[in-house]
Amino acid sequence: MQDQNEYFEQYYEEVDLHDDYLMIPPELALLEAEENEVEVKKDELAKNKLAAGRRINGDVLIVGAGISGMQAALDTADKGYRVILIEKSSTIGGNMVKLDKTFPTNDCSICTAAPKMVEVSRHPNITLMTYADVMSLEGEKGDFTAHIYRKSAYVDPDVCTGCGDCATACPVEVVNPFDDKLSMRKGISIEFPQAVPIVYSINYENCVGCGSCERVCDAGAISFLRKSEDIEVKIGSVIVATGYDLFEPLEMRKEYGYGKYPNVITAMQFERLLSSFGPTEGKILRPSDGTAPKSIGWIQCVGSRSKQLGFPYCSRVCCMYATKEAAIAKEIDDSLEVTIFYMDIRAYGKDFQQYYDKAKDMGVNYVRARPSSVYQNEDGSIAVRYMDTHTREILDMNIDMLVLSTAIMPSKENPKLGKMLGIGVDHNGFFESGSIVSDPIQTTRDGVFLAGCNQGPKDIPDSVAMASGAAARAVQAIVEREKAEPVKPPEQKDVSGDKPKIGVFVCHCGKNINGYLDCADVADTVRDDPNVEYSTDVMFACSEDSQTDIRKTIEEKGLNRVIVAACSPITHGGLFQDTLEESGLNKYLFEFANIRQHCSWVHSHDREKATQKAKDLVRMGIAKSVLLQPLSQEEVDVIPVTVIIGGGIAGMKAAMALSDMEIETHIIEMGDKLGGNLNKLHSLFPTELDPSQLVNEMQTKIDASDYIKVHLNTTLENVEGFIGNFKAYMKGPDGDTELKFGTAIIASGFGEIDMAGKYGYGNNPKIMTQMELESRLIANDLEKPKSIVMINCAGAMDEERPWCCRIGCGVSIKNAKLLKEKYPDADINILYRDIRVFGKEEEEYFADVIENLHVKITRYSDVEKPQVIINDDGSVMVKVRDQIYNDEMELSADLLVLTAQTEGSESTDKLQQMFKIPVGPGHFFIEAHAKIRPLDFATDGVYFCGSAHFPKNLADAIAQAEGAASRAAIPIMKQRLVLEGITAIVEPDMCVGCGICAEACPFGAIDLIKGKAVVNEALCKGCGLCNATCRSGAIQQKGFNDHQILSMIKSSLNEVV
Amino acid sequence: MVDYNAMTQEIRAKAKAMLENKEVKYIIGWERGANSFISRPVIIRDAGDTDRLVWNPGCVDNLTRYLVEEMQYKPKRGEEPDLGPVGIIVKPCDSKSIVELIKENIVPRERVKIIAVTNIGTVETNKLRKVLQKIPQDKRAGIDILQDDNEFIIKYDGGELKVPRPELLANKCETCVTHNPVIHDVVIGDKIEGFEADKWADLAELESMSPEERWKFWEDQISKCVRCYACRDSCSLCYCAECVFDKEKPFTWIDKTVDVSNNMFYHLVRAMHLAGRCVDCGECERVCPVNIPIRKLNRLLLKSAKDRYKIYPGMNPEDKPMFGSYDIADPDEVV
Amino acid sequence: MTGDEKAKEEFEPKIIGFLCNWCSYTGADLAGVSRLQYPSNIRIIKVMCSGRVNPQFVLKAFQEGADGVLVSGCHPGDCHYIEGNYHARRKLAMLSDILEFTGIEPERFQMSWVSASEGQKFAKIVTAFTEQVKELGPQKKLAGGEDE
Amino acid sequence: MAEMIIKKVRVDGLFEAMKDFEVYGPITKDMITRYQKTTGTPDLVFKSSRKPPKEVFFPQTEKMFDLVKDGTRFVGAKDVPPGDKPILLFGLRPCDGRALNVLDELFNWDYTDPYYVDKRKKSTVIGLACTLPAMPKDNCFCTSMGGSPGSSEGMDMLWVDIGDSYYVESLNDKGNAILELGKGIFEESGDDVRSSAGKAIEDAANAIDRKLDTSGVRDALAKSFDYNYWDEFSKRCMGCGICTFLCPTCHCFDIQDIVKNGEGVRQRSWDSCQFDYYSIHASNHNPRPEKKNRQRNRVYHKFYYSENKLGLVGCVGCGRCINLCPVNIDIIEVIQGAKELSQ
């Protein structure tokens, strides 16, 4: 611990404490203040004094509040444990919120992240501290003490309304790091409009101390006397989710001209250009002259896949983000010429290959080259010199703008932070894992866990999955602790019989709405509506002060319905619903009129029509609002048991994680032993790890657990019920059995497709798949081959199966290495399309095999696939055209290994039926959201992990397994669940029991009991299909009933109320 | 020649036996109408009354709507509901209604004893009015209508009139493909074979029109509608406890205004409510007091359902309802 | 410009759009976030699922005077509620057939699949549909004309 | 009382002379006759109309007044000024003419209905006696209800088809005014004309084969209210509104405020006592919950209550309800049955 203290001191030395204007004791400061006629309130000072050195007791400390940190915090807090979440910058959200959209769904990034941010900030079990760094960590798992240094932002977060007057007044302009230096901002600022918390902060480095901001702040939130704090926190475990830095090609890779030529930018800068709240508000403009480029190029692997000029590893996300950026640019302007210079396109994830194919179809030009140099032309355009590896020509391409796909690199602070936290850092500078394949979440210190990119590059869903996993691990250390008391919402006023009194709040959203339509006019128009009690326009309806206003108005005017006309219910509906609840109104008495996304932003050239439409939208909201009724949300008890379907490595790991959280877990496995595909593998890429050893170790732990029951040779016959109250019918050695459970994890795995008829498979003993090769390697019964050919992407990425198998490249390289080591004289040639090794240590492993073992790799094109010829004597030849040297080659193969395409397990369809969960191409399950809910199904209470979702390498499968365990544990640890309020309801007198609703219901939520439809509210998801199917309208969807929708239709067509 | 007399006798005998053996509470059948030439629904409770039952080409009603009434009967306070089976006489087309009613859980199979007749066709009431003009008014009293494969024979007081089939045959029978009952406990009459498949000939003319001509056609037809709701009330599948068109509280789906707008809305919604369910029994069109060709709407959807989804209602109680089910492979014409 | 053309030019159709919460409404949000411009005629009614759209709503909208109705949901297979869009597809295909059969321009009614990521597609669909309905002129068939 | 004739070939000329009137007359389309507004000569040969002529004075849907808007709210009512054109209803059948008498009484009973009365006041009604071969048709029984194929009740002028011309009888000043308008078109009549008109009417009357002995109906109904009988025959009733909507004397309506395209009106539309929601109370209580109650009400209304209230029997024997009832509920049979049972 000696080192740590040193660091602690060193840090204080490094960090200037000049930021504290208050270097002297408060008492003296008070006197001084009076002298200087600075208004200082005594109690404020006293508070500051007390604040310093305060102690907080929590359960889990989470360092970093990017998407990983937020997910870890929510997963932990939802289980009932107190989280202390600290974030270095002034807002949470991390790098994800800077992105414009996310691949492969093109979801708006901030739109998916913002609700999580809001959820974090409002969660009763999360203490959020921004502008905070961890200084030390002492103690041990279960009993840690950490010191948090919380820098002063000189703004009282409880008082700041986020109005922005201070920023207007501030005379200091500084480069805006949020826009990656593409714009300027003031010395007092917020990071971005949707920042959470929405509190302005002064960056002391830039502040000139003029006090302008303080003078204009009506709320009196600014005080230069606010002191930085040293906070001691007591916790049981720690999750480190500090994220990553982006490679800045200033020194290394300076040949690409970044920093020298204005029109050479990084991919993150390009994201900011695309972003609607970026420096150009979503327009792609050249930094040099603000003109729209006609051509844009991307250079891949800037800072990655190079030992000399950056980092040796693959940055994992760049191929896809460049593809996404290029495709979006192309979508915005089809005439744009976009080129991506790449080495391999690593479209390895679910739907990635299809996304890449689509981009190609859209006209994105992919050139396989690593450009050597870049020059600026006189007109500011950029000349890129490169050799096209397919034609071997050296070419120059002139483009108007060049984007560098810079690599994810470890944060420069990792070594320092590692020392302070006592955790190891690997040779690249990422935090070290317990094992990169079998225990990625564990750090080198017990009780401290990793989530996200500080362990290695990851995309968002992998980070989120890992964060959930980290939450599961963090909870294990404190599972015995008493949980936080759930916060009781304030008592609800009963307004059901009252005449509607509607409050309408029309939001300007700064200029976002009011810039394009007349908000005051909209508010005026509806003010005299007989049901409207109050109508006003507000600057930012979502700001904390407006929230306070809304609450106050509800109180004063006796409102019983609230309409906010603003952005979108998708992002902000929950926020206002919470505001209503805090005012004692049922949250379903809230209605949203979307006048930004659906109006001001899309009709920004016609103020009159936009205003008219906004009026109609508000009126439609009123029409519905009048008919809104408070909805009650049922509560159900959760059966504290989790069932895991599939006893492969993912299922086993999930079971262990649940067991560690002391949750009764049942593994249902069709086969006669646990371990799944691992039992058939010889070794695990990119390590020398013996899979059987791994399985045995885990088997031992499972056997020893009191919480895990394994059902071997057992099939799941049927499942009924809903989250918290499922019932499984199983068939196994004990005959037919039943099992009640609360949550389920699907870990049904995957396998190779049937290769029969492809590449001569099935007709010759020399031809086998990788999986078969693994078995032969275990059995050690291969005949010594002289020449070995491997064909990658066999049966993959074609019309029938357009996806990439994700793991094949790694497996082929590993097996090539094994074979080469075993038969050093044999020629080995791997025929590939792209080498997709993206995981931790994978690129390095690959480079080593190529460089040191002389395994040949031959690139073939998707239009000229290798041909397998089986001669009469049984010898095998492979004909292939080398795409790089454009050579037609004939390779003889004593051993031909097919890296076969993979698909989801056979049981997928049955599970789909039983759990009512969606399945996509390749029999892989579809997650609830590709980015931020990567382990959940849309069906509550059912989760998945491992390759049931898409092929996974071991590390990802394990992280997912622990993540899924975390997700599945949440309902169980909550013990009781509040169900959806928007459910269907039957008017029994009107129902004749024809049963068509029950037939239609996708969730089996409707039963016919005594000739009447009866809705099981716990199963009902509130889709309203039954309502649309019922002819008489006897079944109605609450919140969207016929009357409400009809009223909206009518009001949209009638300008009268 | 169909021997209606023999069939009538057989029906009476079966009905009598059922009532005497207390197999059924009552029998729903047809009796001679007050003005004699069209039969009308009757409920026979007493075995002694079974001689009132008749079967002839004038038995136009689809009696299954009375079955629905029985099933939906709400006992008065203190009344013990009698859930015993009832007997019903059905034509083949009507038997399809029973299939749908069983499918839709309205009629439990065990609560109905089905006496089904085979049938080559019934008369069209409107056509009959016209044909009857040829018979002196004072001689119409004892009219009897018989039928063979080619013609109807109207026997009246002191004479008989032969009418070629098309001149008197109900429109719905022209397109009928179900001349033998699809569900029954007892079948009366010989099995009928050799009828052509439905070629939707009655829709062809409209389909060949331009959209504007089609609209003009429907506007003319629909503007006649008086919204008496007889088409709905006659339909055995319009069994809702509260029809959307009757809904008054807390909102209405339709105004009482009788104009093309409201009338059209009524007819389109009615057709949609019957889509995938309507068995083309033709009652709606028969009862219409202003001769709107309502069946065309139903049949268009019947045809669509068959073309698009291979769904043809009324044939099998195990079939899935069209609007309660789907097939991933359904044609996708969505943008 | 003839009077007719001018009337057509000035005619601003009333269009109602039923959008499912998860895909199309979010897709429409994305169109907004991306600042894609489209005609302002559409009034959006959010439903949780396209399966919620009863053909009766479409007919009622026409009867109340809508010139066009757009229904949009998740792509097949993407339904948040697993299969609601398949149900919608059936119902609304039948509706389309009967509209055509009665001579009410089925072009006034459109069903589309718009995912949460297809802001561009949403804007394009709305633009094209508005244009299409504009071309057809005021819908008086189900709405009833003034000259009644 | 002036008697004239008009040659059939000159009828077009008369309609030309009456063009200041808003003319309503029988128009037959697809075998169905309705009284509709026309600018030409209406059909002269027709069976009695499917929809009764009451719709001319009492349309199925009728605007009562406009709702007045202030901004986006309705704040008041604005009467619709009645049209000033006189109305001519041509071709009224005698049963329907007698039905107008019932409606005239009803709409002028305890309350004067301005909408009906206004139109009625400015109307001139030309009747057309029922003569063979068009009339009578099936189930006509006017002669049993005190009417006749030649009754002129409720009319201002009656025409009788006598071959190539019509015998014309003006019944009052309004009729005389038509004679005046058609000066030169109408020609002098004579006794022989009158008698051939009488003969035509008599022939028609003789052709009516359906009879109802109405004697003692009131007594019978007074006794039979609680009989199971009503339940028995109304079992087959489907509860549609045909019998009432097509009845020339039924007059129930419902009032609704309609808002469409931003404009509002209050209007009334026919309602039917055969609909189960017709009599439902705000409390959801329905005093006539079953079909037997509703059928009984219809019969009593025609044959009992109407006479109590207006002094007129509510049934004129037009036979529409019998002809068009889908399940053959035959009011003659019903009344006869009630009489038999009560004896």
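For the structure itself, look to the data block above.
Reading the values: the criteria
- Residues numbered from 1 in each chain as written.
- Chains lettered and ligands numbered in written order.
- Predicted model: local features only at pLDDT ≥ 70, side-chain atom pairs only at ≥ 80, totals over all residues.
- Heavy atoms only, no water.
- Helix = DSSP H or I, 4+ residues; strand = E, 2+ residues; numbered from the N terminus.
- Rg over C-alpha atoms; globule rule 2.2 N^0.38 Å.
- Buried < 20%, exposed > 50% of the residue type's maximum accessible area, 1.4 Å probe, protein only.
- Contact = heavy atoms within 4.5 Å.
- Areas by Shrake-Rupley, 256 points an atom, 1.4 Å probe, with all protein chains shown as cover.
- Lys, Arg positive; Asp, Glu negative; His and termini not counted.
- Charge placed at Lys NZ, Arg CZ, Asp CG, Glu CD.
- Disulfide = S-S within 2.5 Å.
- Buried area = accessible area lost by both parts, 1.4 Å probe.
- Salt bridge = Lys/Arg side-chain N within 4 Å of Asp/Glu carboxyl O.
- Polar contact = N/O pair within 3.5 Å; in protein donor to acceptor, adjacent residues only side chain to side chain.
- 1 Å grid on protein atoms, 1.4 Å probe; cavity = no way out; pocket = protein on both sides within 12 Å on 5 of 7 lines; lining within 4 Å.
- Points joined across faces, edges and corners; volume = space filled by probe spheres on them.
- Nonpolar A, V, L, I, M, F, W, Y, C, P; charged D, E, K, R; others polar.
- Pairing = 2+ DSSP bridges.
- Axes fitted to C-alpha atoms, helices over the stretch in contact; angles between N-to-C directions.
- Parallel < 35°, antiparallel > 145°, perpendicular 65-115°, else oblique.

A. Up close: the overall build of chain A. Of the regular secondary structure elements, chain A holds 27 helices and 53 strands. For chain A, the C-alpha radius of gyration of 30 Å lies close to 31 Å, the compact-globule estimate for 1057 residues. C-alpha atoms of chain A, sized along the principal axes, occupy 95 × 80 × 60 Å. Relative to its 1057 residues, chain A shows a buried fraction of 64%. Residue pairs at least 24 apart in sequence account for 71% of intrachain contacts in chain A once pairs closer than 6 positions are excluded.

B. Molecular detail of the overall build of chain B. Looking only at helices and strands, chain B has twelve helices and eight strands in total. Over its C-alpha atoms chain B spans a radius of gyration of 21 Å, differing by no more than 12% from the 20 Å that the globule rule assigns to 335 residues. Projected onto its principal axes, the C-alpha coordinates of chain B cover approximately 60 × 55 × 40 Å. Put simply, chain B has 335 residues, and 62% of those count as buried. For chain B, the share of sequence-separated contacts (at least 6 apart) that also reach a separation of at least 24 residues comes to 71%. Carbon and sulfur atoms form 49% of the exposed surface of chain B, whose accessible area is close to 13,100 Å². The positive charge centre, built from 50 side chains, and the negative charge centre, built from 56, are 3 Å apart in chain B.

C. Just the state of the cysteines, in detail. Residue and element names in this part refer to chain C. Evaluation of the coordinates by the stated rule reveals one disulfide over all chains. Residue Cys23 pairs covalently with Cys74 via a disulfide, S to S 2.3 Å. One quick way to see it: the torsion about the S-S bond of Cys23 and Cys74 is about 100 degrees, and its sign makes the bridge right-handed. Placement of Cys23 in the loop between strand E1 (15-20) and helix H2 (24-33) and of Cys74 in the loop between strand E3 (68-73) and helix H4 (84-101) is noted, with a sequence separation of 51 residues between them. Summarising the burial analysis for this pair, Cys23 and Cys74 share the class buried.

D. Structural context of the interface of chain A and chain C. The interface is formed by 57 residues belonging to chain A together with 49 residues belonging to chain C. Carbon and sulfur atoms make up 61% of the surface buried where chain A meets chain C, a total of about 4,600 Å² over both sides. Its largest share of buried area at the contact with chain C, chain A owes to His598, Val602 and Leu1053 of chain A, together 14% of the area lost on that side. Applying the counting criterion to the chain A and chain C interface returns four salt bridges. Between Glu64 of chain C and Lys1050 of chain A there is a salt bridge, with its nearest N and O atoms 3.7 Å apart. Counting the contacts that link chain A with chain C gives 20 residue pairs in polar contact (both at pLDDT 80 or more). The set of elements that each furnish at least two residues to the side of chain A that touches chain C consists of strand E5 (107-108), helix H15 (569-582), helix H16 (596-600), helix H17 (607-625), helix H26 (1025-1029), strand E53 (1035-1037) and helix H27 (1042-1053) of chain A. Considering every element that reaches the side of chain A that touches chain C, the biggest residue donor is H27 of chain A, with eight residues.

E. Representation of the side chain of Gln597 of chain A. The topology assignment puts Gln597 of chain A in helix H16. The residues contacting Gln597 of chain A, other than those within four sequence positions of it, are Cys567, Ser568 and Val602 of chain A together with Ala28, Asp29, Gly32, Val33 and Tyr38 of chain C.

F. Representation of empty space enclosed by the protein. Empty space within the largest cavity amounts to approximately 350 Å³. Lining the largest cavity are 26 residues; nearest its centre among them are Thr125 and Arg129 of chain B together with Ile322, Asn323 and Cys325 of chain D. Those elements that provide at least two residues to the lining of the largest cavity are helix H4 (125-132) and helix H11 (283-287) of chain B together with helix H11 (320-324) of chain D. For the lining of the largest cavity, the per-class residue count stands at twelve nonpolar, eight polar and six charged.

G. Seen up close, the sheet that holds strand E34 (residues 715-722) of chain A. All names here are of chain A. Read from one edge of the open sheet, three strands run E34-E35-E36, paired in antiparallel fashion. What marks the edges here is a single partner per strand, and that holds for E34 and strand E36 (735-741). Between one strand axis and the next, the sheet turns by 15 degrees as a mean value, whatever way the strands run. Strand direction decides the pairing type here: strand E35 (residues 725-732) and E36, joined by seven bridges, are antiparallel. Note on E36: the bridge partner recorded for Lys727 is Lys740.

H. Spotlight on the packing of helix H2 (residues 64-71) of chain B against helix H3 (residues 92-103) of chain B. Residues and elements named next belong to chain B. As a packed pair, H2 and H3 sit with axes 9 Å apart at the nearest point and diverge in direction by 30 degrees. As far as their axial angle goes, H3 and H2 are roughly parallel. Between H2 and H3, the residues in contact are Thr64, Leu67 and Val68 and Asp94, Ser97, Ile98 and Leu101, respectively.

I. Broad picture of the pairing of strand E51 (residues 1006-1009) of chain A. All names here are of chain A. Pairing analysis gives four bridges linking E51 to strand E52 (residues 1012-1015), with the strands arranged antiparallel. Residue pairing across strands places Leu1008 opposite Ala1013, the latter belonging to E52. Counted between consecutive antiparallel strands, the loop separating E51 from E52 contains two residues, among which Lys1010 sits at a positive phi close to 50 degrees.

J. Inspection of the pattern of salt bridges at higher detail. Tallying each qualifying case throughout the model produces 125 salt bridges over all chains. The partner of Arg299 of chain B in a salt bridge is Asp202 of chain B, with the nearest N and O atoms 2.7 Å apart. Note that Arg299 of chain B is positioned in helix H12 (residues 294-309) and Asp202 of chain B in helix H7 (residues 201-208), a separation of 97 residues in sequence. The class for Arg299 of chain B is buried, based on a relative accessible area of 0%. Using a relative accessible area of 22% as the deciding quantity, one classes Asp202 of chain B as partly exposed. Among the salt bridges present, the one from Asp330 of chain D reaches Arg210 of chain D, with a minimum N-O distance of 2.4 Å. Separated by 120 residues along the polypeptide, Asp330 of chain D in the loop between H11 and helix H12 (331-342) and Arg210 of chain D in the loop between helix H6 (191-207) and helix H7 (217-224) bring together distant segments of the chain. Given the relative accessible area of 0%, Asp330 of chain D is considered buried. In this structure, a network of salt bridges that share partners links the residues Arg305, Asp344, Arg346, Asp834, Arg836, Glu843 and Arg859 of chain A.

K. Main features of the sheet that holds strand E48 (residues 942-944) of chain A. Residue and element names in this part refer to chain A. Read across the open sheet, the five strands follow the order E33-E32-E31-E37-E48; overall the sheet is parallel. Only two strands of the sheet have a single neighbouring strand rather than two, namely strand E33 (708-711) and E48. Ignoring strand direction, the axes of neighbouring strands in this sheet form an average angle of 20 degrees. With four bridges joining them, strand E31 (residues 641-645) and strand E37 (residues 743-746) adopt parallel strand pairing. Bridge pairing in E37 links Thr642 to Thr743. On top of the sheet, helix H18 (residues 649-660) reaches E31, strand E32 (664-668), E33 and E37; it is set at about 170 degrees to E32, its chief contact. Against the sheet, helix H23 (residues 908-915) engages E31, E37 and E48, with an angle of about 160 degrees to E37.

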